[in-house]
Amino acid sequence: MQDKYPRSAYTKYDVMRNVLGELEDQNNSEVINSIVSNFYRMSRAADDDVPDAKKAKRLLGEFREIVGDDPIEKELEKRQREKSKQKYQEATEASKHYRKRLEELNKRFLELLSTTEMTNQQRGYALEDLFCDLLELNEMEYKRPYRHPGEQIDGHMRYEKFDYLLETKWEKDPITQDSLSVFDGKIRGKAQSTRGLFIAANGFEDNAVQKYSGDSPRIILMTGEDLALVLCGRIDFQDGMKAKVEAIVRHGNIQKHLREI
């Protein structure tokens, strides 16, 4: 474009005016802003042989006052604002989706609590599916129930570099020491880094909790009350898991009630 206006036939002003005119006709605001930005950033005349350096400097100052702000900087700020706005909108949509899905899971849980048409065993299976859906919602690595030679595993998840075997039960009464003993045997038959998460709708007997607390515990307990607090949105699932893991690591407490955090 500049070659169309040779200096032998045009003054600097004419070259600039014609080039800008063509850019305006093309609606090429990006190049125009780049030219304006370069002028804006000049502190003195570009040519050393300018007749009046003071006048050139004064004119550049007046030019900056007319422009107001560096257009390139303004464009960068605008793009950053638009990017931040987009991220905010995406986060808002993700949050809405999460809350909606959590409400659906909570509704399923409340239906399990109130139904009279299912056996406790059927409720237990439904609780397995519900908890796996909760893990999926929280974008956690997990595996649904599967059979291992000689035993049934209610699921598996990975949290903070540890593997957790899952056990879910919906019994009429609190879980006994015998049930924890069976689950503990499944865990200790795996790698040293394997832990267990036992979800029981109606909690655990005190003597069972005491038996498997303290000395190198590898089982974390979650009650129906704990799960209800997560599903109704009172406590974030990740925060709940963090509290339970800290309790077992620092104090050997395998049953940290989420109502306490």
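Just so it is clear, the structure is predicted and the values come from calculations on it, not from any experiment. (Residues numbered from 1 in each chain as written. Predicted model: local features only at pLDDT ≥ 70, side-chain atom pairs only at ≥ 80, totals over all residues. Heavy atoms only, no water.)

## Some words on the overall build of the chain
Here's step 1: The helix and strand inventory of the chain stands at 9 helices and 7 strands.
Here's step 2: For 261 residues, the compact-globule estimate of 2.2 N^0.38 gives 18 Å, and the chain exceeds it by more than 25% at 34 Å.
Here's step 3: The principal-axis extents of the C-alpha atoms in the chain amount to approximately 100 × 40 × 35 Å.
Here's step 4: By residue count, 36% of the 261 residues in the chain fall in the buried class.
Here's step 5: Taking as baseline every contact in the chain between residues at least 6 positions apart, the subset at least 24 positions apart corresponds to 57%.
Here's step 6: With an accessible surface of roughly 16,600 Å², the chain has 47% of that area assigned to carbon and sulfur atoms.
Here's step 7: Computed over 44 positive and 48 negative side-chain charges, the inter-centroid distance for the chain is 2 Å. (Helix = DSSP H or I, 4+ residues; strand = E, 2+ residues; numbered from the N terminus. Rg over C-alpha atoms; globule rule 2.2 N^0.38 Å. Buried < 20%, exposed > 50% of the residue type's maximum accessible area, 1.4 Å probe, protein only. Contact = heavy atoms within 4.5 Å. Areas by Shrake-Rupley, 256 points an atom, 1.4 Å probe, with all protein chains shown as cover. Lys, Arg positive; Asp, Glu negative; His and termini not counted. Charge placed at Lys NZ, Arg CZ, Asp CG, Glu CD.)

## Remarks on the packing of aromatic side chains
Here's step 1: Under the definition given, this model contains 5 aromatic pairs.
Here's step 2: On the numbers, 5.4 Å between centres and 90° between planes, the contact of Phe183 with Phe198 is edge-to-face. Remark: Phe198 occurs in strand 6 (residues 194-200) and Phe183 occurs in helix 6 (residues 177-188); sequence separation between them is 15 residues. Phe198 shares its class with Phe183; the two are buried.
Here's step 3: Grouped by ring-pair contacts, the aromatic residues Phe183, Phe198 and Phe204 constitute a single cluster. (Phe/Tyr/Trp six-rings, centres within 6.5 Å; stacked < 30°, edge-to-face > 60°.)

## Comments concerning the sheet that holds strand 6
Here's step 1: Across the sheet, which stays open at both edges, the 5 strands sit in the order 1-4-5-6-7 with mixed pairing between neighbours. Of all strands in the sheet, those bounded by a partner on one side alone are strand 1 (142-143) and strand 7 (219-223).
Here's step 2: Both strand 1 and strand 4 (residues 156-159) contribute to a ladder of 2 bridges, which runs antiparallel. Of the residues in strand 4, the one forming a bridge with Tyr142 is Met157.
Here's step 3: The sheet strands contacting helix 5 (residues 120-137) are strand 1, strand 4, strand 5 (162-169), strand 6 and strand 7, and the helix crosses strand 5 at an angle near 145°. (Pairing = 2+ DSSP bridges. Axes fitted to C-alpha atoms, helices over the stretch in contact; angles between N-to-C directions.)

## As for the confidence of the model for the chain
Here's step 1: When the pLDDT values of the chain are averaged, the result is 88; 98% of them are 70 or greater.
Here's step 2: The least confident element of the chain, judged by mean pLDDT, is strand 2 (residues 146-148) at 67; the most confident is helix 8 (residues 224-231) at 97. (pLDDT = per-residue confidence, 0-100.)

## Side note on unusual backbone geometry
A negative phi angle characterises most non-glycine residues, just as the trans form characterises most peptide bonds.
Here's step 1: In the Ramachandran plot, Asn27 falls in the positive-phi region, its phi being about 55° despite a non-glycine side chain.
Here's step 2: Positioned with a positive phi, Lys161 is a non-glycine residue whose angle comes to about 70°.
Here's step 3: Relative to the helices and strands, Lys161 is located in the loop between strand 4 and strand 5.
Here's step 4: Assessed through its relative accessible area of 71%, Lys161 is described here as exposed.

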